[in-house]
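Residue-level listing of the chains:
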Amino acid sequence: MSPRGGRRRLFQDRGVDEDVAREIRSHLDLRERELVEEGWEPGEARQEALRAFGDVDAVAGACTEITRSHHRAVRRAEMFEAVGQDVRYGVRSLVSSPGFSLVALLTLALGIGANTAIFSVVEGVLLEPLPYEEPEELVWISEVNQRGGPMSVAWANFVDWREQAPGMEALSAFGLSTPTVLGGAEPVQVPGATVSQDFWSVFRVSTLAGRLTLPEDHREGAAPVVVVSRSMARDILGSADPGAVVGRVIRLQGTPFEIVGVVATEFDFPGGAQHWSAVERTPQGDSRTSHNWAVVGRLGDGTIETVEPALDAFQARLMEGVSTDDLAYMAAEVRMVPLREELVGDIRQPLLILFGAAAFVLLVACTNLASTLLARGTVRSREFAVRSALGGSRRRLVRQLLTESVVLSLAGASAGVALAAGSLRLLRSLGEGAVPRLDGVSIDATVLGFTLLVALITALAFGLLPALRNAEGAQANVLRASGRGQAGGRRRTWDVLVASEVALALMLLVGSGLLIRSLAAVLDEDAGFDASDVALLPVSLGAERYPSLDDHVRFWDGALERAGQVPGVTAVGVLSNRPLSSFPNGQVALDGDPSKYGDAGYMVASAGAFDALDIPLLRGRLFESTDGPDAPHVVVVSESFADTYWPGEDPVGRQVSGGGMDNYWDADPPVFGTVVGVVGDVRYRALERVAEPTVYWHYRQRPARLRFGGFLMAESGTGAPSLVAPQLGRVVRDADPEIPIRLGYMRDVVVDSVGDRRFMLFVLGGFAALAMILAGVGIYGVVSYTVARRTREMGVRLALGSPRESVLGLVLKGALRPVVFGLAAGVAGGLALSCILGGFLYQVDANDPVTFAGVTLALLLVGVAASVLPALRGTKVDPMIAMRAE
C-alpha cells in the first residue's frame, strides 16, 4: 500500500540478475573451499566445482525466470487482493447510501440501456453480414433512365446481360408478389417470388428436402413447380417433416404447383418470400422499355468498379436500335450497388443519427453523475482527509474512487441490458415495415461486449474528474476549515457540468422538435381522400377459377352489389391500387393521336371508390351503370392530369389511351377513352410526394389490372369502419370461400405510410425527454447542495435583515447562470447539428426559429423549476438555528 513497498519491489525486480549471480558465486565458492579442504589445488578445485555445477548461464537464466515469475505472482495476488478490497469497500459505500445508489443506477441504466438498444439495431441492420454465403459478392442491379430516374429492369435487357455480362458469376431476375395459397388448412396469402434461372446459384442455397428448380423448369410451357421454405411447410402446410411436403400439390393464385423442394427457414429473399417458382414458364416479351424486374447478381472475377462501366457500355449498345418518345422509359445507364446497401436503403443515416442521440443521452447521464459524485465527495471529505493522514496516497484514493465508479457503472450496465431487451420489443413494433432486418435484431455477444466497453468508458467519464478533485481535496487539510477556496473551485466545476447537461439536452430537444413539426406538416397535407371511416379488403382472384376478364367483372359486380347492402355502409367501390402504396404508371396517348404522348399513373376503379374515399368530383361526372363493357370507353382524370396536358382547356370530351397491361394499347387502331370527369388529386406514393397525373378506367371496361388484385373499399356512415369490416369479409367469403380475408382500415394505411418518420421521432423524442429530465435532476441536485453549504451565509443575511426575496434572488442568480450559458451553447450546437436532419424534414427549415425558441423556453422553465424548489427551502430556514448548527 505504501510507496516504499512499491519502490522495494521495483528494486528487487531490477536486482534479480545480481541476486541470482551472487547465489551461484556463493555456491561455487563454498564447493571450492570444501574441495580445497579435501586436498584439491585451488585452481583444480574451482574447475571441479564448475564442472559439477554444470552450465552456469543456463542455471542462472532458469533461476532468474523462476524468481521473476514468483515476483509476478506475488504482485498479481497483491493486485487482486487490493482490487478485491476496493470492490468490497466500494460496494459497502454504495449500500450505505441507498438513495444515491438507486438514483445513480437508474440514471446509468437509462443512459447505457438506450445505447445498448440502439447499438443492437445498428449492429443487426447495418453491421451484421447478410445470411448468405460470401455476401460481399452479392450486388443489386437496376437501370437509370435518361432523366436520371431509377427504374427496374426490362426483361429483354436482363436476358442479354445474363448471357454476356462480364465479370459476373451469376445473374437472376425476380418479382415479388403475395398470391393466394390453397393447400393448407385455409386460404392464405403468402409472399413469394417468381425467379429466373440461376437464382439459386446467386445465393448458393441448399435444400432441407427435395431439390431446387432446374434449368428445364425455367422453360416456356414447363410444368409448374415450386420450392417452399421450411417455415411455410411447417406453419402454412402443417408439416413438421420437411420431406413430407415434397410431391404435394398446392395452388398459387388458382394454378396447381408441385412442391419439389424445401429450403432452410432463414432464407426468405426477396422481402420475406416463402415460396419460389420459375418466371420463364410464361413468355415475357422482348420490350426494352417495360421495366418490371429486379435483378440481383454474384460477382465473379470482377468488382463493382470494373463490372458497372463494362455493363454500362454493353447496355448502350443494346439501346442503339431502340426508339421511344418518352425518355422516362429509356435506359441510359446501369446502376450496381452492394446488395446490403440496397436492402438497408435510406435507413443508414437515421440509425446513425439515433445512435449519436443515444450517446448524447449517456453524456448527459455522465455529467449528472459527475456533479453528484463531486457533491458526495464533499460530504466524504473528512473520510478522505483521515485516510490521507494515515498514509493513503492520492493515487490510492483515486483508484478507490474509480473502483466505486466502475462497480456502479457495471451494475447500471446490467440493469441497462435488461432495459434494452425490453426496449427492443417496442422498437420492433415501432419500426415494423420502416426498418429492414429489424426482426433479426437481438442482444448477442457483440452487443454485450459493446455494453461492457461503454460501461468502462462511462465509469471513467463520470468518475475520473470527481475522483481527482476529491483526492486533491483530501491532500489539503479539510479537517482544518470550511475550505472556501476549494468550494469555489468545485462551484466552477459544477457550473461547467450543469451547462454541459443543459446544452446536450437542448440539442436533442431541437432535433425532436424539428421532427415533430415535420411530421405534423406531413400529416397536415391534403392527401386527396378521407381515411377516417374507410374499411378495405384486398382481393386477389385466381386464374383457374376466373380465367377470363369477364369472370373478374362478374365477381366484382356481385361483390359490390352485396357489399352495398351491408347495414351502415354508405359507399362501396373497388380500386386497383390503394392510396399511399404503389403507383403503376406509363405512357398514355392523347386526343386520339397515338403519336401524342404523356406520362401518367393508371388505375381501375368503380364510381363508388371515389365516394368511399371522398375524392371530390371537380367537373363532369363519374362512372355510371351505362358504362358497360360494350359501351364506348370512358375515363376519369385527376386535376393534375388535366392541368398538365390541357392547361386552361376543358378536359371533358378529350380522349386518352394507355397501356394498363391490357390489349387496348396494341389494338389497331388503339382504343381511346373519352374523359367524362375530373376528380381531385390523390397522393398515391406518399403524403410528402406531390400528387401525379392519374387516369382512372372503369373496371367493367378495362378490368385487366384487377387480375393482379384489387381493393374492396367501404365507407362507414357511423364513422366506425370496424363495425362494417367483418361484414365485408363475410360478403367476399360467401362469394368465393377460397379468397383469404385480410381486413384493414385506411387510417392505418396513413399511419403506416409515415412509419419511418414516426420511428425516428419516437426514439429521438424519447431521448430528448430523458435528457431533459436528467438535466432537471442535475440542476436540482447542484442547487440543493449549494443551498446546504450556504446555510450559514443565508442565516447571517436573514439575521442582518435581508429580505427573503433578496436571498432567494441571490441563490437563483448563481443557479441559473450555468443554465443560461448551457442554453446559449445548446442553441449554437443545435444550429450546427440541425443541418444533419435536413433530409428528414418536410416543409420545416432546419433553423426553424419557432422550434428553437420553444425548446429553449421549455428547458429554461425546467431549469427555473429545478432551481426554485431547493432555493425556497433554503430561505425558510430559521437564521438562529442555521447559525447555531454551523
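The rules we used
- Residues numbered from 1 in each chain as written.
- Predicted model: local features only at pLDDT ≥ 70, side-chain atom pairs only at ≥ 80, totals over all residues.
- Heavy atoms only, no water.
- Helix = DSSP H or I, 4+ residues; strand = E, 2+ residues; numbered from the N terminus.
- Buried < 20%, exposed > 50% of the residue type's maximum accessible area, 1.4 Å probe, protein only.
- Contact = heavy atoms within 4.5 Å.
- Areas by Shrake-Rupley, 256 points an atom, 1.4 Å probe, with all protein chains shown as cover.
- pLDDT = per-residue confidence, 0-100.
- 1 Å grid on protein atoms, 1.4 Å probe; cavity = no way out; pocket = protein on both sides within 12 Å on 5 of 7 lines; lining within 4 Å.
- Points joined across faces, edges and corners; volume = space filled by probe spheres on them.
- Nonpolar A, V, L, I, M, F, W, Y, C, P; charged D, E, K, R; others polar.
- Expected span 1.5 Å × (residues − 1).
- Bend = angle between axes of the 7 residues up to and from the residue.
- Patch = residues over 30% accessible without salt bridge, like charges linked within 9 Å, V, L, I, M, F, W, Y side chains within 5 Å.
- Salt bridge = Lys/Arg side-chain N within 4 Å of Asp/Glu carboxyl O.
- Lys, Arg positive; Asp, Glu negative; His and termini not counted.
- Charge placed at Lys NZ, Arg CZ, Asp CG, Glu CD.

## So, the overall build of the chain
Here is step 1 of the chain: A count of helical and extended segments in the chain gives 26 helices and 25 strands.
Here is step 2 of the chain: By residue count, 50% of the 886 residues in the chain fall in the buried class.
Here is step 3 of the chain: In the chain, 80% of the contacts between residues at least 6 apart in sequence involve partners at least 24 apart.
Here is step 4 of the chain: Summing over all exposed atoms, the chain offers an accessible surface of approximately 40,200 Å²; the carbon and sulfur share of this is 56%.

## Details of the environment of Trp646
Here is step 1 of the chain: With respect to the helices and strands, the residue Trp646 is situated in the loop between helix 19 (639-645) and strand 21 (655-658).
Here is step 2 of the chain: With 56 residues separating them along the chain, Trp646 and Leu590 place their C-alpha atoms 10.0 Å apart.
Here is step 3 of the chain: Residues contacting Trp646, with those up to four places away along its chain left out, are Leu590, Asp591, Phe641, Pro651, Arg654, Gln655, Val656 and Val675.

## Observations concerning the confidence of the model for the chain
Here is step 1 of the chain: In the predicted model, the chain carries a mean pLDDT of 82, and 86% of its residues have values of at least 70.
Here is step 2 of the chain: The spread of mean pLDDT over the elements of the chain runs between helix 1 (residues 3-14), the lowest at 45, and strand 20 (residues 634-638), the highest at 95.
Here is step 3 of the chain: Taken together, the stretch residues 1-12 has pLDDT below 50 and engages in four contacts with residues farther than four places along the chain or on a different chain.
Here is step 4 of the chain: When the criterion is pLDDT under 50, residues 477-487 qualifies, and its contacts beyond four places in sequence or with other chains add up to twelve contacts.

## Description of empty space enclosed by the protein
Here is step 1 of the chain: The full count for this structure, using the stated rule, is six cavities of 30 Å³ or more.
Here is step 2 of the chain: In this structure, the second largest cavity occupies an estimated 90 Å³ of space.
Here is step 3 of the chain: Thr180, Leu182, Gln253, Gly254, Ser540, Leu541, Gly542, Arg545, Tyr546, Asp736, Glu738 and Ile739 together form the lining of the second largest cavity.
Here is step 4 of the chain: Of the residues assigned to the lining of the second largest cavity, the class counts are four nonpolar, five polar and three charged.

## Structural notes on helix 24 (residues 804-833)
Here is step 1 of the chain: Between its terminal C-alpha atoms helix 24 stretches 42 Å, which fits the 44 Å expected from 30 residues at 1.5 Å a residue.
Here is step 2 of the chain: Along helix 24, the sharpest change in direction is near 30° and occurs at Leu816; proline Pro818 comes one to four residues later.

## A look at a negative patch on the surface
Here is step 1 of the chain: A cluster of acidic side chains, namely Glu432, Asp439, Asp748 and Asp752, defines a negative patch on the protein surface.
Here is step 2 of the chain: Structurally, Asp752 is set in helix 21 (residues 746-753).

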